[in-house]
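Fold and contact review
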Amino acid sequence: MRTTVEKTLKMYVGGKFIRSESGRVLPATSAKGRPMNVAAASRKDLRDAIQIARGAQKSWAGRSAYNRGQIFYRLAEILEDRVDAMPTSGADVLAATDRAVHFAGWTDKITALLSSLNPVAHTYVNYSMIGPMGVVFAAPDPADGLTGMVEAMLGALLMGNSVVLMVPTASAELAVALSEALAVSDFPGGCINVLTGDVDSVVKVAIRHDDLDALYLLGDAVSADLLEEIGTENARVMRRLVLAPRSARPAPPSRLAKLAEVKTVWMSSALMSGGGAAY
Amino acid sequence: MSNTMNKRKDDKPTLDLAGALDLSPAPESCPVTIKPRYGHFIDGEFVDGEGGFATINPATGEHLAEIAEGTQAEVDRAVKAARKAFEGPWGKMSGLDRGKYLYRLARRIQEKSRELAVLETMDNGKPIRETRDVDIPLAAQHFFYYAGWADKLAYAFPGGVPKPLGVAGQVIPWNFPFLMAAWKLAPALATGNTVVLKPAETTPLTAMYLAELMQEIDLPPGVVNIVNGMGKTGAAVVGHSDIDKVAFTGSTQVGRIIMRQIAGSKKRATMELGGKGAHLVFADAPLDQAVEGCINGIFFNQGHVCCAGSRLLIEESIAEEFIERLKRRVEVLRIGNPLDKNTDIGAINSAEQMGTIERYLSIGKEEGATTWQSSCPVPDQGFFIRPTILTGVSQTDTVVREEIFGPVLSVLTFRTPAEAVKKANDTEYGLAAGVWSEKTSKLFEVAHALNAGVVWANGYNLFDPASPFGGVRHSGFGREGGIAGLWPYLADQGGAA
Amino acid sequence: MTPTFSPAAAREWRSVRVDDATVNARISRARKRSIKTESKERLLRLALSMIDLTTLEGADTPEKVRSLCRKAVTPLAERPDFPHTAAVCVYPNLVPIAAAALGPNREVKIASVATGFPSGHVPLRLKVAETEAAVKAGADEIDMVIDRGAFLSGDDEKVFSEIAAIKAACGDARLKVILETGELGTLDNVAAASRLAIHAGADFIKTSTGKISPAATFPVVLVMLEAIREHYLETGVMIGMKPAGGIRDAKSAMHHLVLVAETLGAAWMTPEWYRFGASSLANDLLRQLTRREDGYYQSPRRFSVD
């Protein structure tokens, strides 16, 4: 029998596959029952990921919605292509693929649904448009597999945010497979970063990092007793916490709205009203 | 060394623009296979059809293929196939899966974009620069955009689950043959309707190529059926008793005939008809860019554009200078072989349209217009008209009131914003208009005051699937693109609980 | 005659408005011009003849300048039929070296940067002195930088009078005025600074020092060409144009020539009125030219670095 070659599990930051700068790993078991070492994201890994995500956010949001949709769709193409190679069930991969297709269709539509032209009683054109918040720290429910990761990541990305996705040690092998799909799906480096390790301890660091704009936690991504601490730290910098149920269904627009900011613009449109001229 | 050595003391300084850039031919090379004859695409199969007429390359006069002329019986079969698909697989399919077919089609179009661009240019006469950069990529984007709506219709129409109408009969024009097919098909299919499409008789080739792509992606038979033919075939499609929805793009005259034909039936209709777009340039405009906008507005696609900015309204204080700028820019446009990558203005689509444009040019002269044409050489064969600017015209002149559908720009002046709006709105049409100014309040107020379905501010002829397009009054009704593009293909639902 | 500054004229230069989106659309259209076969050959040669072959490094040596001069005269030794470049462009200290290398009957001009290049942060009297020294040492052309700080603060008169003073110091040398468009922030500012420079006495307007990025972008070049066109149509006086910095490949150079031809016409399609400030562009032009003739695509190693 042939001796197998085993893959080193790395994290995905800034378009590159990296080990933890701390050199720390956590033990886990692969889908095939082999022992694995999972890169354990450190305080510094998180700081690096946030800095890289911040640097990538503007250009990601600046791409056309059509282009971002095509990148999402490309991810769907890659995922379906790898249905048999992913360390999860085929049904999970196909559900994740469909989720990517679904979100691919939102990038150039969500703005039209959530923005508005406001009929103010002034000679001003007044409109409210949605836009990205910035850098979002996202964590899926540990039981939601690949679909959960895709859901957590794409919902935040589609609004033009850049994302640091935190995946627990037990799902690290799958997170690496997802990262490898991301790496060939034309995502610009840094707009999506995938860290692995102990979620609660990384979240505790994240909420003390002030250059993070929101936390997006799905299902039981973090332990319940951590929520109060998150709330307290968020209050300090008015950071958004978006809590969502597990990923059985894609985020509806009402949730996507929470992953965005709203800006309202008043634009003067009085030209002839003063002069008395009429058409 | 003196800078004034080239000064022409005898005259105003002029620029030596025409011919300053002598470019060798740069023909697009992409062999396309054109079959000797095309029939129809019914129930997922290509059928031979009966009779026939020729489609030619308007740039050379070369015969490209023979096209079957769809009979009533063939239209019947097509409608029947569409009905069967609507009641069968397509109607029962989930939105996500419907969307996936449209995504597949978008991808195939992207993959075959070069061939489609060459084919479209050969059949239509428009420059490869446009088919390559506009028509084909925009068509792919349209399918991509509407693909994404297929599983999200409930969000677009809160309060009820929207239902498709049934079988749509769609008749499309020759000016953007492939793009118009995409504009018609994508929203119809995304919303769950099935289609019988009738391409224009002078430009059927890319629609038949699209049928091949639809076969390749395993689109269920009958979802899209294509019946070729002339006006009679089109009338058979829209008049068919089992058609639920009529969508037409073309002239106001034919639109009126169709409206009469379907009067009394319960068919829903959308009409995207003619136009006489006003292009307003204020003295505070960014002048060189406004010139560019005017060029895009009227000389894009040889002026065969329903929303063309064919009436230029300039603020009187800058009119003379602006026209000079415009002429200088027009002088560097290249007319000729549409397959050459450097051609800016291609061939007029048909002898008939060439005749129409020439008739309008002589009417313009009779009515006292001053005609200016660029000095660019034109090919000996094929249908070509130099870019033309008509000055000294007034609101009552035929060339100001009627749609010419060619590279002919009529120029008028105004003194105040109110006068500009009044003149711009003095038309039976209302498809599109443009405004140029660096003053935001002026842009907004004038844009809002113009009676048109689309207004571009500091731009012209911009299209995007996310943006609704369509006209008011004699330019038609209904919108294509954006959320509004879904409305015409969905039945009213529910109401507040 | 020294031009005089007028606040009213300055307000007019500042009133020109440019719509960036449409400029970008115009550029994208020009860059899709496809230049093939004979026209490519012709434009490659023309571009080569328009180069101000430049070295402006702190580490420049006499040997490097001599080498640059040899390359300017004979861009490729085995192809004496290729045109020489328009000029070499060096720091004032190295003008004597270039003058000695090129000889008294030179066809290649010597351009020297001056006026405290690249920042321009030196007193006017030193700028004038530096200019006079460069001309005296043999410079045929002076490439000066404007005071961007003064321009951005609205002190047009200071910018204007400095240009006028340097122009006076140039004597017979032609003056190229560097706007450093990468620091001007908007195309409106580029349009205004172009007009200001032209009225103050520039023979050429030039985009950049090459020390700031972005440098000679297409939108900036178009707006400057339009300023030159306006001036010519108003006065009959031709002004030259020099994009500099960032033009490294033959294809970009071709598309710059498309913009010139379509904006200013045939009269500007000569080294007399159009220059490229570049160092590595020459090698890519040579590479494309030799490929056209041999049918082989050369390794860049075939061409000397200086």
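Residues numbered from 1 in each chain as written. Chains lettered and ligands numbered in written order. Predicted model: local features only at pLDDT ≥ 70, side-chain atom pairs only at ≥ 80, totals over all residues. Heavy atoms only, no water.

**Details of the overall build of chain C**
- Assigned secondary structure in chain C consists of 12 helices and eight strands.
- In terms of overall size, chain C behaves like a compact globule, its C-alpha atoms giving a radius of gyration of 19 Å where 306 residues would be expected to give roughly 19 Å.
- Considered along the principal axes of its C-alpha atoms, chain C spans approximately 60 × 45 × 30 Å.
- Contacts spanning at least 24 positions in sequence make up 76% of the contacts within chain C whose residues lie at least 6 apart.
- Accessible surface, chain C as shown: approximately 11500 Å² in total, 52% of it carbon and sulfur.
- Charge separation in chain C, taken as the distance between the mean sites of 40 positive and 37 negative side-chain charges, equals 5 Å. (Helix = DSSP H or I, 4+ residues; strand = E, 2+ residues; numbered from the N terminus. Rg over C-alpha atoms; globule rule 2.2 N^0.38 Å. Contact = heavy atoms within 4.5 Å. Areas by Shrake-Rupley, 256 points an atom, 1.4 Å probe, with all protein chains shown as cover. Lys, Arg positive; Asp, Glu negative; His and termini not counted. Charge placed at Lys NZ, Arg CZ, Asp CG, Glu CD.)

**Brief notes about the packing of helix α11 (residues 250–263) of chain C against helix α12 (residues 281–294) of chain C**
All names here are of chain C.
- It is the contact of α11 with α12, at a shortest axis distance of 8 Å, that shows an interaxial angle of 95°. As far as their axial angle goes, α12 and α11 are roughly perpendicular. Contacts between α11 and α12 involve Ala250, Ala253 and Met254 from the former and Leu281, Asp284, Leu285 and Gln288 from the latter.
- Of the residues assigned to the contact of α11 with α12, the class counts are five nonpolar, one polar and one charged. (Axes fitted to C-alpha atoms, helices over the stretch in contact; angles between N-to-C directions. Parallel < 35°, antiparallel > 145°, perpendicular 65-115°, else oblique. Nonpolar A, V, L, I, M, F, W, Y, C, P; charged D, E, K, R; others polar.)

**Let's talk about α12(C)**
Residue and element names in this part refer to chain C.
- If you check α12, its first and last C-alpha atoms are 20 Å apart, about what 14 residues at 1.5 Å a residue would give, namely 20 Å.
- Among the 14 residues in α12, 10 count as buried, and that is most of the element.
- Burial in α12 covers these residues: Leu281, Ala282, Asn283, Asp284, Leu285, Leu286, Arg287, Gln288, Leu289 and Thr290.
- Buried positions along α12 lie against α3 (37–49), β1 (51–54), α4 (62–73), α11 and β8 (276–278). (Expected span 1.5 Å × (residues − 1). Buried < 20%, exposed > 50% of the residue type's maximum accessible area, 1.4 Å probe, protein only.)

**Focus: a negative patch on the surface**
- Taken together, the side chains of Glu366(B), Glu367(B), Glu402(B) and Glu428(B) define an acidic patch exposed on the protein surface.
- For Glu428(B), the position within the fold is in the loop between α15 (417–424) and β17 (432–436). (Patch = residues over 30% accessible without salt bridge, like charges linked within 9 Å, V, L, I, M, F, W, Y side chains within 5 Å. Salt bridge = Lys/Arg side-chain N within 4 Å of Asp/Glu carboxyl O.)

**Things to note about unusual backbone geometry**
- A cis geometry characterises the amide bond from Phe117(C) onward to Pro118(C), with omega recorded as 0°.
- When you line up the elements, Pro118(C) lands in the loop between β3 (109–114) and α6 (124–136).
- Here the residue pair Ser213(C) and Pro214(C) is connected by a cis peptide bond, since its omega of 0° sits within 30 degrees of zero.
- Its place among the elements puts Pro214(C) in the loop between β6 (204–206) and α10 (218–235).
- Its identity as a non-glycine residue notwithstanding, Asn458(B) has a phi of 55°, on the positive side.
- Turning to its location among the elements, Asn458(B) is positioned in the loop between β18 (454–457) and β19 (476–477).
- We note that Thr115(C) has phi near 65°; this positive angle belongs to a residue other than glycine.
- Inspection of the secondary structure puts Thr115(C) in the loop between β3 and α6.
- The exposure class of Thr115(C) is buried, given its relative accessible area of 0%.

**Structural notes on the pairing of strand β7 (residues 167–171) of chain B**
All names here are of chain B.
- Counting buried residues along β7, five of its five residues qualify, which places the element largely inside the surrounding structure.
- Pairing of β7 with strand β8 (residues 194–198), which is carried by five bridges, proceeds in the parallel orientation. Note that in β8 the partner of valine 167 across the bridge is threonine 194.
- Taken together, β7, helix α7 (residues 177–190) and β8 form a β-α-β motif whose crossover is right-handed.
- Looking at chain direction, β7 and strand β10 (residues 245–249) are connected through four bridges and run parallel. Its bridge partner being in β10, alanine 168 is matched across the sheet by lysine 245. (Pairing = 2+ DSSP bridges. Right-handed = clockwise from strand over helix to strand, strands pointing away.)

**A closer look at the sheet that holds strand β5 (residues 63–67) of chain B**
Residue and element names in this part refer to chain B.
- Pairing in this open sheet of three strands is mixed, and the strands run β1-β5-β4 from one edge to the other. Among the strands making up the open sheet, the edge pair consists of β1 (37–38) and β4 (53–56).
- Examined bridge by bridge, β4 and β5 share four bridges and lie antiparallel to one another. Looking at the pairing, isoleucine 56 lines up with histidine 63 of β5.
- Along the sheet, helix α8 (residues 205–216) contacts β1, β4 and β5; its crossing angle with β5, the most-contacted strand, is approximately 65°.

**A few points about the confidence of the model for chain C**
- On average, chain C scores 96 in pLDDT, and the residues at 70 or more come to 99%.
- Among the prediction metrics, the complex's ipTM stands at 0.95, with pTM recorded as 0.95. (pLDDT = per-residue confidence, 0-100.)

**A few points about the interface of chain A and chain B**
- If you look at the interface, chain A gives 29 residues, while chain B gives 31 residues.
- Interface area for chain A against chain B, summed over the two sides, is near 2600 Å², with a carbon-plus-sulfur share of 69%.
- At the boundary of chain A and chain B, one finds two salt bridges.
- Its salt-bridge partner being Asp98(A), residue Lys100(B) comes within 2.7 Å of it at the nearest N-O pair.
- At the junction of chain A and chain B, the tally comes to nine residue pairs in polar contact (both at pLDDT 80 or more).
- Examining the composition of the side of chain A that touches chain B, we find that six residues originate from one element, helix α2 (residues 65–81) of chain A, more than from any other.
- Of the residues in the side of chain A that touches chain B, the class split is 17 nonpolar, seven polar and five charged. (Buried area = accessible area lost by both parts, 1.4 Å probe. Polar contact = N/O pair within 3.5 Å; in protein donor to acceptor, adjacent residues only side chain to side chain.)

**As for a positive patch on the surface**
- A grouping of Arg31(C), Lys36(C), Lys251(C) and Arg291(C) is seen on the molecular surface, where their side chains present a positively charged patch.
- Looking at the secondary structure, you find Lys251(C) in helix α11.

**Considerations on the interface of chain B and chain C**
- Taken together, the contacts link 42 residues of chain B with 42 residues of chain C.
- Between chain B and chain C lies a buried interface of about 3600 Å² when both sides are counted; carbon and sulfur atoms form 51% of it.
- The tally of links from chain B across to chain C stands at six salt bridges.
- Arg26(C) is the salt-bridge partner of Glu292(B), the closest N and O atoms lying 3.7 Å from each other.
- Inspection of the chain B/chain C interface yields 15 residue pairs in polar contact (both at pLDDT 80 or more).
- Contributions of two or more residues to the side of chain B that touches chain C are made by α5 (128–149), α11 (287–299) and α12 (316–331) of chain B.
- Top element by residues in the side of chain B that touches chain C is α11(B). It accounts for six residues.

**Regarding the side chain of His209(A)**
- With respect to the helices and strands, the residue His209(A) is situated in the loop between α7 (199–206) and β10 (214–218).
- Accessibility expressed as a relative area gives 16% for His209(A), which makes it buried.

**Overview of the packing of aromatic side chains**
- Scanning the model with the defined rule gives 28 aromatic pairs over all chains in all.
- Aromatic side chains Tyr73(A) and Tyr103(B) sit 4.5 Å apart centroid to centroid with 25° between the ring planes, which places their arrangement in the stacked category. Of the two residues, Tyr73(A) is situated in helix α2 and Tyr103(B) in helix α3 (residues 95–111); the pairing between them involves two chains. With respect to class, Tyr73(A) is no different from Tyr103(B); both count as buried.
- A centroid spacing of 4.9 Å and a plane angle of 85° characterise the contact between Tyr145(B) and Tyr146(B), whose relative ring orientation is edge-to-face. Note on accessibility: Tyr145(B) and Tyr146(B) belong to one class, buried.
- Through a chain of ring-to-ring contacts, three or more aromatic side chains come together here, namely Trp106(A), Tyr145(B), Tyr146(B), Trp149(B) and Tyr155(B).
- The residue whose ring lies beneath Lys245(B) is Tyr489(B), and the NZ or CZ to ring-centre distance is 5.0 Å.
- Over the aromatic face of Trp273(C) sits the side chain of Arg174(C), whose NZ or CZ is 4.9 Å from the ring centroid. (Phe/Tyr/Trp six-rings, centres within 6.5 Å; stacked < 30°, edge-to-face > 60°. Lys NZ or Arg CZ within 6 Å of the ring centre and 35° of its normal.)

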